[in-house]
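# Inside the fold
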Amino acid sequence: PDLYMRLAELYTERAKFAWLLAYERQKSRGNATRAVESPEARLLKNMAIGTYDRVLREFPAYKKADQAMFLQAHEYRELGEFEEMRKTYEKLIETY
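If you're wondering where the values come from, they're calculated on a predicted model, not measured in any experiment.

On to helix 2 (residues 39-58), then. Along its 20 residues, helix 2 runs 28 Å from first to last C-alpha, staying within 8% of the 28 Å computed at 1.5 Å per residue. All of the buried residues in helix 2 are Ala41, Leu44, Lys45, Ala48, Ile49, Thr51, Tyr52, Val55 and Leu56. Buried positions in helix 2, seen along its axis, are confined to an arc of 160° and lie on one side of it. In helix 2, the exposed positions that point more than 90 degrees away from the buried face belong to Pro39, Leu43 and Arg57. Structurally, helix 2 contributes buried residues whose contacts are with helix 1 (2-28) and helix 3 (65-79).

Encoded structure:
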C-alpha cells in the first residue's frame with residue numbers, strides 16, 4: 001500500500017506541474033487568470049483518486065488509510081466535485 005500511496009502522490013505532483021505549464025502558457029498570451037483548463041491535470045488527478053480508492057479498497061487495515069481518504073477528498077475538491085468531496089470527508093469523520 002505504501003507504493004500505491006506514493007504513486008498517487010506522484011500523480012498529484014504531475015497534475016500540479018501540468019496545471020502550472022498550462023497557466024504559464026496562458027499567462028504568456030496575456031490571459032493571466034487562475035481558471036486554467038488542463039485536461040492532462042484533470043486526468044492525473046482522476047488517476048490519483050483511483051489509486052487512493054484502490055488503497056482503501058484493497059488494504060482496509062492500512063495504517064495510513066485515513067490519510068488516503070483525506071487526500072482523495074482533497075483531489076475531489078480541486079476537481080470541483082464538491083458532492084464527492086463532502087461524501088468522502090463524511091466517511092472519513094465517521095470511520096476515524
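Moving on: the environment of Leu10. Counting through the fold element by element, Leu10 comes out in helix 1. Each C-alpha atom of the pair Leu10 and Glu58 lies 20 Å from the other, and the pair is 48 residues apart in sequence.

Right, let's talk about the packing of helix 3 against helix 4 (residues 82-95) for a bit. Where helix 3 meets helix 4, the axes come as close as 8 Å, and the angle between the chain directions of the two elements is 160°. Classified by the interaxial angle, the pair formed by helix 3 and helix 4 is roughly antiparallel. Crossing angle aside, the handedness with which helix 3 passes helix 4 is left-handed. Note on element contacts: helix 4 touches helix 3 through Phe82, Glu84, Met85, Thr88, Tyr89, Lys91 and Leu92, opposite Asp66, Met69, Phe70, Gln72, Ala73, His74, Tyr76 and Arg77. Looking at side-chain class alone, the contact of helix 3 with helix 4 contains eight nonpolar, three polar and four charged residues.

What follows is about the nonpolar core. Nonpolar side chains tend toward joint burial in soluble globular proteins. Of all hydrophobic cores here, the largest spans 16 residues; its most connected members are Met5, Tyr52, Val55, Leu56, Tyr62 and Ala68. Only helix 1, helix 2 and helix 3 provide two or more residues apiece to this core. Examining the composition of this core, we find that six residues originate from one element, helix 2, more than from any other. Among residues more than four places away in sequence, those in contact with Val55 are Pro1, Tyr4, Met5, Pro60, Tyr62 and Ala68. Of all hydrophobic cores here, the second largest spans five residues; its members include Ile49, Ala73, Tyr76 and Met85.

Moving on to helix 3. The end-to-end C-alpha separation of helix 3 is 21 Å, in line with the 21 Å expected for 15 residues at 1.5 Å each. Where helix 3 is concerned, the buried positions are Ala65, Ala68, Met69, Gln72, Ala73, Glu75, Tyr76 and Leu79. The buried residues of helix 3 occupy one face: seen down the axis, they fall within an arc of 155°. The inward-facing, buried residues of helix 3 contact helix 1, helix 2 and helix 4. Once helix 3 ends, the next one or two residues include Gly80, with phi positive near 80°.

So, how was this worked out
- Residues numbered from 1 in each chain as written.
- Predicted model: local features only at pLDDT ≥ 70, side-chain atom pairs only at ≥ 80, totals over all residues.
- Heavy atoms only, no water.
- Helix = DSSP H or I, 4+ residues; strand = E, 2+ residues; numbered from the N terminus.
- Expected span 1.5 Å × (residues − 1).
- Buried < 20%, exposed > 50% of the residue type's maximum accessible area, 1.4 Å probe, protein only.
- Arc of directions from axis to C-beta.
- Contact = heavy atoms within 4.5 Å.
- Axes fitted to C-alpha atoms, helices over the stretch in contact; angles between N-to-C directions.
- Parallel < 35°, antiparallel > 145°, perpendicular 65-115°, else oblique.
- Left-handed = near helix turned anticlockwise from the far one by under 90°.
- Nonpolar A, V, L, I, M, F, W, Y, C, P; charged D, E, K, R; others polar.
- Core = buried A, V, L, I, M, F, W, Y, C linked by side-chain atoms within 4.5 Å.

Interpretation in functional terms is not warranted from these geometric data alone.
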